[in-house]
Amino acid sequence: PDRRGGSTNVVGVGSVQSVGPDRHIHEVKDTWNLKEFGKERQHLAGRNHMTTKKMFVVDEQKMHEKVQAYDGCLARFISAPGSRNRLGWDLFGGLLILYDMITIPLQAFPLGDNEFLSFMDWLTLLYWTLNVGASLCVGYISNGVTVMIPNKILLNYMKSWMIVDIIVLLPDWSIKLNFASHVLSSIRLFRVLRLMRVLRLIRLLKLKWILQLLDDLLDSEGASIWVNIFKMIALLLMVNHLLACAWFSIADGQDLPNTWVKMHGFEHDDWFYQYLTAYHWSMTQFTPASMHVQPHNTLERLFSIVVIIFALVGFSYVVGSITGSLTQLRALKEEGAKQFWQLRRYLRKNQVPVVLSIRIQRYVEYAWQRQAESLSANRVKILDMLSEQLMNELQSKVTVPHLEIHPLFDKINEEHEVMMQRVASFAVRRRNIACNDELFFPGETGTQMYFACSGCFVYLLASDHPDEEVRENILPHEDWVAEPVLWTKHWVHMGMMVAVRDSEIMSIAPERFAEVMTKNLVVHRLVAKYAFFFARWLNDTEHQQSDVIHGETLGSEMSRWVQAAMIAEPSTPRSPRTPRSPRAPHRTSKTSPVQDA
């Protein structure tokens, strides 16, 4: 669909109007003119192209030294830690760990035969058996370095979870295959094997980092606080579950007439009612409530004392954590309310006009919401501990996706990722723009190149005829603005750029961009050749010039420039050709800048 309005149609960087004889010639900056920038450096880059590539490889090793990669025949079976498939596998394992936490203590009660429990036992056993092989197919992180080498992965597994998995799996497989009942004549030893299933609970140690993975999926601080409250409540319920099962097991395991089960007449009741009674007793030890069930022998009395001491500390910890989370949640809302109250008071005290006051409050509400939804690196103080290379990689992953719509930046990121990381960290700036804010006006000297990240902008091209309005919509991930600022010595904005709603924009500083690009000979040559093609196209075109470039219109042609820049040698951009009549077709030359070169 046509995103432009008015009586003058705009294509890419110009309209159908012809160029006058007094047209300005755009010269390439000396930084992109290899002859002016340095004949010696150009000679070095042209004479020993492979040497410059080796220089880049050495520079690129700073990024890859954080990963010990493996490219053998088993490489396709090894996944990186934190990959999506591994995350799903670990989350399913976390559910099975929670299942074991509930069912294994329940073995103290006479559950009887149950098809569901039998199915879950087989599912759990098969999962943890397959997990042994899965653990050998995922890398690990050691001292900040991701290790993907198979023999090191095996050695790390042998040092960590291998012994635990063998101790837990052998009794389970022995029971399932009836190995113990046929080979081992001792019934007591067979019971020992069943009791060894309690060792499954050792896997609770894995539950900590699985829960941490779930926390990473939450991007709201309020939601994270509520999840923390839920975890504290779940912890309290689970501890009481374990104590209830232990309380019943103590009474059921004694051949005494004065256990709490027999004294209160629960020995012939259903196992579920026995469990609820034991759970009720456990809850009373954590709260001031009471019930009629009491200990009736020495062992039960001793267990009750230990539980009360534990409950005194544990319940205080849980209640304190929940109270702290609720206080933190309240503080989040109070901070915002206080800030907005101070803003309204400031506007009222200084007699700010109502229209401007409403605009300011509306934008601040938007900016506050965006700040709550997104988190900038400046607010995360712990990121200061990252090395320069890791910080560049982080900035690149956040920034480069918005720049890749440009064919040149996409190619640099593909072939020379380290350079784009430096651009993202050193030359790119992100900022919020309020509705109706202007970024530049006609006649101003361009200082930055722009990419829309979110929202929507409108570009109004200046015209000599007031009745003819040229209006272009600038959409995120499709268009970019003022690219000539990067390549030409002097660029004057041809129109005005306005935000039609609260938006976010990304800008590239040309001086900082040039400083980064000139640090690598190969990349510098590529960018300089592209700058030549761009300047030549800018001078040769007969359309009325504009600041906006639509990727959907010129993206394919610019991709050809990039491909040609990979092999072509730059030359001095020539002067614009003699202008044709206003009825001439859109293209001014019979061949493209690439063909002419």
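Up top is the structure these notes are about.
Below: a short report on this structure. A quick note: this is a predicted structure, and the numbers were derived from the prediction, not measured.

Moving on: the environment of isoleucine 309. Structurally, isoleucine 309 can be placed in helix H14 (residues 298–349). Along the chain, isoleucine 309 and phenylalanine 286 lie 23 residues apart, while their C-alpha atoms are 9.6 Å from each other.

Here H14 is 52 residues long and its end C-alpha atoms lie 75 Å apart, about the 76 Å a rise of 1.5 Å per residue gives. Positive backbone phi, approximately 55 degrees, marks glutamine 351, located one or two places after H14.

Another point: the pattern of salt bridges. Under the counting rule described, the total for this entry stands at 8 salt bridges. As a salt-bridge pair, aspartate 90 and arginine 86 come within 3.3 Å of each other at their nearest N and O atoms. Here arginine 86 and aspartate 90 lie together in helix H4 (residues 84–103), a separation of 4 residues that amounts to about one turn. Close ionic contact of lysine 397 with glutamate 417 constitutes a salt bridge, the shortest N to O distance being 3.9 Å.

Attention now moves to the packing of aromatic side chains. Inspection of the entire model under this criterion finds 33 aromatic pairs. A centroid spacing of 5.7 Å and a plane angle of 80 degrees characterise the contact between phenylalanine 109 and tyrosine 275, whose relative ring orientation is edge-to-face. Linking phenylalanine 109 in the loop between H4 and helix H5 (115–135) with tyrosine 275 in helix H13 (residues 271–286), this pair joins segments that are 166 residues apart in sequence. For phenylalanine 109, a relative accessible area of 3% corresponds to the buried category. Overall, tyrosine 275 belongs to the buried group, its relative accessible area being 13%. Consider the rings of tyrosine 530 and tryptophan 561, whose centres lie 6.1 Å apart with planes at 50 degrees: the pair is tilted. One end of the pair, tyrosine 530, is in helix H21 (residues 521–540); the other, tryptophan 561, is in helix H22 (residues 551–565), and 31 residues separate them in sequence. The same class applies to tyrosine 530 as to tryptophan 561, namely buried.

Taken in spatial order, the 5 strands make up an open sheet running E7-E14-E9-E12-E16, and their pairing is antiparallel. Looking along the sheet, the strands with just one partner apiece sit at the ends: strand E7 (428–433) and strand E16 (548–550). Each strand axis lies, on average, 30 degrees off the axis of its neighbour in the sheet, ignoring direction.

Turning our attention to the environment of aspartate 502. Within the secondary structure, aspartate 502 is located in the loop between strand E13 (495–499) and strand E14 (503–508). Aspartate 502 sits in the buried class, given a relative accessible area of 11%. Expressed as a C-alpha distance, the spacing of aspartate 502 and phenylalanine 457, which sit 45 residues apart in the sequence, is 9.3 Å. Beyond its immediate sequence surroundings of up to four residues, aspartate 502 is in contact with Arg362, Tyr363, Tyr366, Ile433, Ala434, Cys435 and Gly455. For aspartate 502, the side chain forms a polar contact with the main-chain nitrogen of cysteine 435, separated by 2.8 Å.

Looking at the element boundaries, histidine 296 is found in the loop between H13 and H14. Classification of histidine 296 by relative accessible area gives partly exposed; the value is 29%.

This part is about H5. Given 3.6 residues per turn, any residue in an α-helix points the same way as the ones three and four places further on. Taking 1.5 Å as the rise per residue, H5 with 21 residues should run 30 Å; its terminal C-alpha atoms sit 30 Å apart, in good agreement. Along H5, the residues classified as buried are Met120, Asp121, Thr124, Leu125, Tyr127, Trp128, Asn131, Ala134 and Ser135.

To continue, consider the nonpolar core. Grouped together as the largest cluster of nonpolar side chains are 63 residues, with contacts concentrated most on Trp32, Phe409, Trp487, Ile508, Phe513 and Met517. Of all the elements, H21 adds the most residues to this core, at 12 residues. Setting aside chain neighbours within four positions, we find isoleucine 508 in contact with Leu403, Phe409, Ala427, Val428, Gln448, Met449, Phe451, Leu486 and Phe513. Among the nonpolar cores identified, the runner-up in size contains 25 residues, and Leu106, Ala251, Trp260 and Ala278 belong to it.

Definitions and cut-offs
Residues numbered from 1 in each chain as written. Predicted model: local features only at pLDDT ≥ 70, side-chain atom pairs only at ≥ 80, totals over all residues. Heavy atoms only, no water. Helix = DSSP H or I, 4+ residues; strand = E, 2+ residues; numbered from the N terminus. Expected span 1.5 Å × (residues − 1). Salt bridge = Lys/Arg side-chain N within 4 Å of Asp/Glu carboxyl O. Phe/Tyr/Trp six-rings, centres within 6.5 Å; stacked < 30°, edge-to-face > 60°. Buried < 20%, exposed > 50% of the residue type's maximum accessible area, 1.4 Å probe, protein only. Pairing = 2+ DSSP bridges. Axes fitted to C-alpha atoms, helices over the stretch in contact; angles between N-to-C directions. Contact = heavy atoms within 4.5 Å. Polar contact = N/O pair within 3.5 Å; in protein donor to acceptor, adjacent residues only side chain to side chain. Core = buried A, V, L, I, M, F, W, Y, C linked by side-chain atoms within 4.5 Å.

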